[in-house]
Amino acid sequence: MTPDRPGAQDAERPGHTHCPYCALQCAMSVTPTTGGVAEVTPEWFPTNRGGLCRKGWTAGDLLGHPDRLTTPLIRRDGRLQPCDWDTALDRVVDGIRRAQAAGGPDGVAVFGGGGLTNEKAYQLGKFTRLALGSRLIDYNGRWCMSSAAAAANRSFGLDRGLPFPVTDLSGARAVLLIGANPADTMPPFLQHLGTAAAAGGLIVADPRLSATARRALDGGGVHLRLRPGTDAALALGLLHLVVVTGAVDTRYLAARTTGFEDAWAHAAAWLPERTERVTGVSVALLERAVRLLADARDAGAGSYILTARGAEQHADGTSVVGAVIALALALGLPGRPRTGYGTLTGQGNGQGGREHGQKADQLPGYRMITDPDARTHVAAVWDVEPEQIPGPGLSAFELLDSLGQPGGPTAMLLHASNPVVSAPDADRVAERLRALDTLVVADFVLSETAALADVVLPVPQWAEEEGTLTNLEGRVLRRRRSITPPAGARDELWIWHELARRLDRGPERFPTDPRAVFDELARASAGGKADYSAVDWDRLDAGEVLHWPCGADSPAGTPRLFLDRFATPDGRARFMIDAPRTPAEPTDAAFPLLATTGRLLAHYQSGAQTRRVGELAAAEPRMWVQVHPVVARAAGLTDGAAARVVSRRGSVEAEVRCDEDMRTDTLFLPFHFAGTGRANLLTLPELDPHSRMPEFKVCAVRLEAAA
Amino acid sequence: MSAAVVRQAPRRVVIVGAGMAAARLAEELRAGEPDPARLSVTVLGAEAEEPYNRIMLSHAAAASGAAGAPGAAGGATPVARLKPAGWWDRHDITLRTSAPVAALDRVTCEVELAGGERVGYDHLVLATGAAPRIPPVDGIRSPGGGLAPGVFTLRDAAGQRELTAHLAAHPGPVAIVGAGFIGLEVACALAAAGHDVVVVHPRAWPMNGCLDAGAGAVLVRSLAALGVRTVTGARATSWDGATLRLDDGEVRCRTVVLTAGSAPRADLARDAGLEVGHGVVVDDELTTSDPAISAIGDCAQHRGVVSGLVAPAWDQAVVLAARLSGADPDARYSGGTPVTRLKAHGLDVVALGEFAEDVYGSAGGDDEATEVTTLCEPARGRYARVDVVAGRVVGAALIGHPEPVGVLTQLYENALPVPDDVVSVILGRAEAVAAQTPSTMPAAAVVCRCNGVSKGDLVAAWADGARDRDALAESTRAGTGCGGCSAAVEGICGWLAAAG
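Chain B is annotated in an unreviewed UniProt entry as Nitrite reductase from Dietzia lutea. According to its UniProt record, chain B has this under Cofactor (unreviewed entry): "FAD".

Looking at an unreviewed UniProt entry, one finds chain A named Nitrite reductase and attributed to Dietzia lutea.

Draft legend 1. How the structure looks around the pattern of salt bridges. Residue and element names in this part refer to chain A. Tallied over the entire structure, the rule returns 72 salt bridges over all chains. Here Arg-54 ties to Glu-615 by a salt bridge, and the two come within 3.2 Å at their closest N and O atoms. A residue pair is termed long-range when its members are at least 10 positions apart, and Arg-54 in helix 1 (residues 54-57) and Glu-615 in helix 23 (residues 614-619) qualify at 561 residues. Take Arg-54: its relative accessible area is 12%, and that puts it in the buried class. Here the residues in one salt-bridge network are Asp-86, Asp-90, Glu-498, Arg-501 and Arg-502, joined through shared partners.

Draft legend 2. Region of interest: the sheet that holds strand 1 (residues 17-18) of chain A. Residues and elements named next belong to chain A. Read across the open sheet, the three strands follow the order 1-2-3; overall the sheet is antiparallel. At either end of the open sheet lies a strand with only one pairing partner, and these are strand 1 and strand 3 (39-42). Relative to strand 2 (residues 27-31), strand 1 runs antiparallel, the two sharing two bridges. Each residue of the ladder has a partner; that of His-18, found in strand 2, is Ala-27.

Draft legend 3. Structural detail: the pairing of strand 4 (residues 101-105) of chain B. Residue and element names in this part refer to chain B. By the bridge criterion, four bridges tie strand 4 to strand 5 (residues 110-113) in an arrangement that is antiparallel. Paired with Asp-105 across the strands is Glu-110, a residue of strand 5. In sequence, strand 4 turns back onto strand 5 through a hairpin of four residues, with Cys-109 there showing a positive phi of about 55°.

Draft legend 4. Main features of the nonpolar core. One finds Phe-189, Leu-224 and Ile-305 of chain A to be the most contacted residues of the largest nonpolar core, which totals 192 residues. For this core, the element with the most residues is helix 8 (residues 231-244) of chain A, which contributes 11 residues. In this structure, Ile-305 of chain A is in contact with Leu-176, Leu-293, Val-324, Leu-327, Ala-328, Leu-331, Leu-333, Gly-340, Tyr-341 and Gly-342 of chain A, ignoring residues within four places of it in sequence. Leu-95, Ala-127, Ala-266 and Val-280 of chain B belong to the second-largest nonpolar core, a separate cluster that totals 60 residues.

Draft legend 5. Up close: the domain arrangement of chain A. Residues and elements named next belong to chain A. Domain annotation for chain A reports domain 1 (73-143 + 349-513), domain 2 (146-344) and domain 3 (593-705). For domain 1 and domain 3, the distance between their C-alpha centres works out to 29 Å. Taken together, the contacts link 20 residues of domain 1 with 21 residues of domain 3. In this assembly, domain 1 packs against domain 3 so that about 1700 Å² is buried in total across both faces, 59% of it on carbon and sulfur atoms. A salt bridge links Arg-611 to Glu-448, with the nearest nitrogen and oxygen atoms 3.0 Å apart. Those elements that place two or more of their residues in the side of domain 1 that touches domain 3 are helix 17 (396-402), helix 18 (419-422) and helix 19 (426-434). Taken together, the residues of the side of domain 1 that touches domain 3 sort by class into 10 nonpolar, four polar and six charged.

Draft legend 6. Fine view of the packing of aromatic side chains. All names here are of chain A. Applying the stated criterion across every chain yields a total of 16 aromatic pairs over all chains. Residues Phe-518 and Tyr-532 carry aromatic rings whose centres are separated by 6.4 Å and whose planes lie at 55° to one another, so their mutual orientation is tilted. Here Tyr-532 lies in the loop between helix 21 (514-525) and helix 22 (537-541) and Phe-518 lies in helix 21, a separation of 14 residues in the sequence. We classify Phe-518 as buried; its relative accessible area is 0%. When its relative accessible area of 0% is taken as the criterion, Tyr-532 is described as buried. Counting every residue linked through ring pairs, the aromatic cluster contains Phe-156, Tyr-341, Phe-562 and Phe-566. One residue, Lys-126, lies across the ring of Phe-510, its end atom 5.5 Å from the ring centre. One residue, Arg-208, lies across the ring of Phe-668, its end atom 3.5 Å from the ring centre.

Draft legend 7. Region of the structure containing the environment of Thr-243 of chain B. Residue and element names in this part refer to chain B. Tracing the backbone through its elements, the reader meets Thr-243 in strand 14 (residues 243-246). Residue Thr-243 is classed as buried on the basis of its relative accessible area, which comes to 3%. Excluding its chain neighbours within four sequence positions, the residues that come into contact with Thr-243 are Ser-238, Glu-250, Val-251, Arg-252 and Cys-253. Engagement of the side chain of Thr-243 in a polar contact is seen with the side chain of Arg-252, the distance being 2.9 Å.

Draft legend 8. Structural detail: the side chain of Thr-610 of chain A. Its location among the elements puts Thr-610 of chain A in the loop between strand 22 (593-598) and helix 23. Not counting chain neighbours up to four residues away, the residues in contact with Thr-610 of chain A comprise Tyr-21, Lys-55, Ala-602, His-603, Tyr-604, Leu-616 and Ala-617 of chain A.

Draft legend 9. The packing of helix 3 (residues 118-131) of chain A against helix 20 (residues 492-503) of chain A, seen in detail. All names here are of chain A. Interaxial distance between helix 3 and helix 20 falls to 10 Å at its minimum, and their mutual angle equals 15°. Accordingly, the angle class assigned to the pair helix 3 and helix 20 is roughly parallel. Read as a crossing pair, helix 3 and helix 20 show a hand that is left-handed. On helix 20, the residues that touch Glu-119, Lys-120, Gln-123, Leu-124, Phe-127 and Ala-131 of helix 3 are Glu-492, Leu-493, Trp-496, Leu-499 and Ala-500.

Draft legend 10. Structural context of the pairing of strand 1 (residues 12-16) of chain B. Residue and element names in this part refer to chain B. In terms of burial, strand 1 is largely enclosed, as four of its five residues are buried. Here five bridges tie strand 1 to strand 2 (residues 40-44), and the two strands are oriented parallel to one another. Within the sheet, the bridge partner assigned to Val-16 lies in strand 2 and is Leu-44. Taken together, strand 1, helix 2 (residues 20-32) and strand 2 constitute a β-α-β crossover, and its handedness is right-handed. In the sheet, strand 1 pairs with strand 7 (residues 123-126) via four bridges, with the strands oriented parallel. Looking at strand 7, one finds that Val-14 is bridged to Leu-124.

Draft legend 11. Molecular detail of the sheet that holds strand 3 (residues 93-96) of chain B. All names here are of chain B. A sheet is described by the order of its strands in space; here five strands give the open sequence 3-2-1-7-19, paired in parallel fashion. What marks the edges here is a single partner per strand, and that holds for strand 3 and strand 19 (293-295). Across this sheet, the average inter-strand angle for adjacent strands is 15°, counted without regard to direction.

Draft legend 12. How the structure looks around the interface of chain A and chain B. The partner chain B presents 52 residues to the 53 residues of chain A that form the contact. A buried area of about 4000 Å², summed over both sides, lies between chain A and chain B, and 50% of it is on carbon and sulfur atoms. Counting every contact that joins chain A to chain B gives eight salt bridges. Ionic pairing is found between Asp-262 of chain A and Arg-90 of chain B, a salt bridge with its closest N-O pair at 2.9 Å. If you list the elements that add at least two residues to the side of chain A that touches chain B, you get helix 1, helix 5 (182-185), helix 7 (211-218), helix 8, helix 10 (260-267), helix 11 (272-279), helix 12 (283-298) and helix 24 (629-634) of chain A. For the side of chain A that touches chain B, the leading source of residues is helix 11 of chain A, giving six residues.

Draft legend 13. Here's a closer look at unusual backbone geometry. All names here are of chain A. Across the junction of Trp-548 and Pro-549, the peptide omega takes the value 0°, indicating a cis bond. Within the fold, Pro-549 resides in the loop between helix 22 and strand 21 (573-574). For Gln-25, which is not glycine, the phi torsion reads 55° and is therefore positive. Relative to the helices and strands, Gln-25 resides in the loop between strand 1 and strand 2. For Arg-49, which is not glycine, the phi dihedral falls at a positive 45°.

Draft legend 14. Representation of the domain arrangement of chain B within the structure. Here the domain parsing of chain B yields domain 1 (3-50 + 85-129 + 263-325), domain 2 (151-260), domain 3 (354-432) and domain 4 (446-499). One C-alpha centre belongs to domain 2 of chain B, the other to domain 4 of chain B; they are set 61 Å apart.

Each value, and the rule that gives it
Residues numbered from 1 in each chain as written. Chains lettered and ligands numbered in written order. Predicted model: local features only at pLDDT ≥ 70, side-chain atom pairs only at ≥ 80, totals over all residues. Heavy atoms only, no water. UniProt positions renumbered as here; feature names shortened; annotations may be inferred. Salt bridge = Lys/Arg side-chain N within 4 Å of Asp/Glu carboxyl O. Helix = DSSP H or I, 4+ residues; strand = E, 2+ residues; numbered from the N terminus. Buried < 20%, exposed > 50% of the residue type's maximum accessible area, 1.4 Å probe, protein only. Pairing = 2+ DSSP bridges. Core = buried A, V, L, I, M, F, W, Y, C linked by side-chain atoms within 4.5 Å. Contact = heavy atoms within 4.5 Å. Domains from an automatic or database assignment. Buried area = accessible area lost by both parts, 1.4 Å probe. Nonpolar A, V, L, I, M, F, W, Y, C, P; charged D, E, K, R; others polar. Phe/Tyr/Trp six-rings, centres within 6.5 Å; stacked < 30°, edge-to-face > 60°. Lys NZ or Arg CZ within 6 Å of the ring centre and 35° of its normal. Polar contact = N/O pair within 3.5 Å; in protein donor to acceptor, adjacent residues only side chain to side chain. Axes fitted to C-alpha atoms, helices over the stretch in contact; angles between N-to-C directions. Parallel < 35°, antiparallel > 145°, perpendicular 65-115°, else oblique. Left-handed = near helix turned anticlockwise from the far one by under 90°. Right-handed = clockwise from strand over helix to strand, strands pointing away.

Right, dumping it as structure tokens:
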């Protein structure tokens, strides 16, 4: 690929927008073509360096797609039928009034998504708290970044996915990825791992020989093929080795951290042989991993540790990330040039989406809703009394699980999410959604969740809207309109304004101009952890590179965090380690295998978008289960056979894909498919005590032939 | 004592011993019941040190007391210590060092310390470990009953310090008596530190308890490469301070290290009338013949087995803590799965389970369910044997193959299905599968994963006039994602160009 071009533009050029999918936010331009299909052209940008994966290349196919919703739908006689906007919004308002008459303000709940722009994420939180007066809002990012966020907040006092620009990774000779498969999930990112891969310094911890792990091996690097759910043990075992091999950075520990001794009290018990026994990763490989990281660090050649959902989506995900951060701290990586720890954000606006108030417990600027000062500040920006802002609500799964229950909400507005496919124990969640009196879904295609709705509101897509997103490195990006949305679609900002007007709850508080919303967001975030107050659209449009915090104290933005101090009260990073817990769901004779789930290159999240793109659907048309051939054979199955995977919660139908490189205790299921192929019919809604992340990544299952 | 007594959660648990099993038990007890008013935990250690990582003793011995050596034990470095200073106090665990227990009084439920002090318990746990076995060698004991000058064992930190000090004063040759895994670890560590080391072993090959003859032969060769000479089939008969005489020959040396096995420390239990076999007999609840007394670790005999390894000791500690803290009163220990390993710089030996009977012999040869895979490469110092019965690993030995150990351990311990291709389990797929070249690659093989471009797509684009990497990218998108296929695309370009 093209290396960093000298003098290459880091800039946001007018006309650029960014891919609708993952948090890498590859730059592209979109040009309308005759016949309704927009043409996508990759643009050079630091994150993607001109690259796009096939999701990005084909992103334009959805713009003029025949499945595109171009008129509101309303359920009549049990069927969704087209209607006009007045009718649809009246039905929504009726539903809200009915729910709140019966259940008070919290009779209505709101569910958001990490795909919303910063402006919409902000406005949705404000709309919920002020127009609806409800405390019940959460979003699908709870199932994405929440464990990494909780752990980073605990250890660093601040959560920004990558606390350094992604390009810092490019020269690094050693990179350890734990539960990350960017070769499938954000392919152009792999360009930044090129140096490490070529140096044999790419280390990938994954139960599968993923495409990323294969890349590591091809370059002479290391694949740590751990048993699913043993990530914390792996991290503590590596930490143990860092200490006993003398790779610990004692000066850094003394100057920049607290709590090492307590961390060591845990890690001391993770003798290499015990770690090997629990994780299945050989001591020799653990030692190699530690040596690679320490040697690259000592040589000043770049040494990084990154986590992603494989490590984080567990009922102890916060502890897992805490252990990984402890490993990074023992090596002295965070908060220094050329070394670091970070997490790879998932959704397109997974970073910005969690900063501006669509989390149950947060207000804009990454402020805690329970913090009196935060409430006072935001109330002043909103021109209300602090008491008018409701308190914390319920986390995503708990919220969905309460729908239609006694005392629970009876109406829900749902945006940019598809929990019928993406929620853990998905059938249980679908049942709760069906129990609602009024389910309102805003989307641009009829997702599996929209299909259950009472009202469906068609909204614009990425290339049809203006706004900002914040990418995986905390850089604020402009999303620009290149295409005119279909006549029947209405922007979410307009919808919320219109609902506030019809409810007579201060429509003037909900402007429809995204730029005005951003300016208010910037003020609301001023002085908060995620401070955007010195960012404005003019600066972004002029091509400035602005990483938050970017406020009064840091008007030029902050590409690299923590170089002088961490964001904790004493400025030191904290070792936060809990004892690894036993598996959330142990295997037994009836459910002897471990299922783990993940993403495919051809699809994005619940697949509502990518399953509709011809090229992507052709590449991965149906649900499959990856399994070692001896495990398939024991179930009477061969490659290509129709199988059923059964957990204590449900069963999934999938085609068998035999793979000699699989562990013989593990099945892998992609989670992008619908209907009987939903991997989340199996998953376990056991929640992390800190982040409320469900246990997506491991559950006990059995494999059998489909009837 | 009636069974009803032990059903009540004990309020005072006293642990005799402060080794790795005891420390883990105390920690798990406190994790299970954080309130010291509901559960007090007292650890009585005979040694002067706080609990430390005993496994590091052999490395520490060879470190010759070098300051800051990571393996240095003896409580001096925080690394070898299992918990940092003050940890026990902070967790409301009473840790008493230099507090050897002289007797148990099961009637009053008290233990008596050597000084006469008595400590009461509601539940007592014996975690007294094992004592080194002293082989019958003339002159090996001093008249006082201790070991003769120049003779050492390596069971505790004090022994390690004495050995280290002696080696510093007498840097000459060292004889190691007994070639079990501990003996060999000591031998390798001392050899690596520059000592001339001879290992004397009475059996035909080292680690004969868990290796077969083929592995033994490779091991002897590997040891020689590390500077460790092995004398097998030989017994030490006498020691005079300068010469260790064998039944066939002699070794001139100033230092003898005894690593001829160990025996459970069961005297307290025996004297108190508990059932003792090789070790203190316990059931699946880890209870001795007295329901108010349990035993774990190297001193315990469970289902006839005394393990001597840390992993089963810790498993027992977890089970017993769950029972005593009330976290899981029904927890049971159903036995461990022995994994023995020797870890020295440049030498990895792992043995697990038990071999199926000799596959070439009468029992295994006709048995279709038994599959024995062996890879023997003496010159490379590598040997692997994996015995599979009915699709499960029953035993394995690996020398010089450190990378598959994790996989094999889990296949064995968790009784997981074994891949048909056992050789690839041992060697890894990377070695087992040959890389493809542009010409051997099938047309359908995907070259650019990010954009789903196959070799066939590239060949077709070439035929349509795309004759270099950029042109191929333009027409097929190959290489426009992660860029990882650039070399492969170049390779195909070159191959197509050469083919004309």
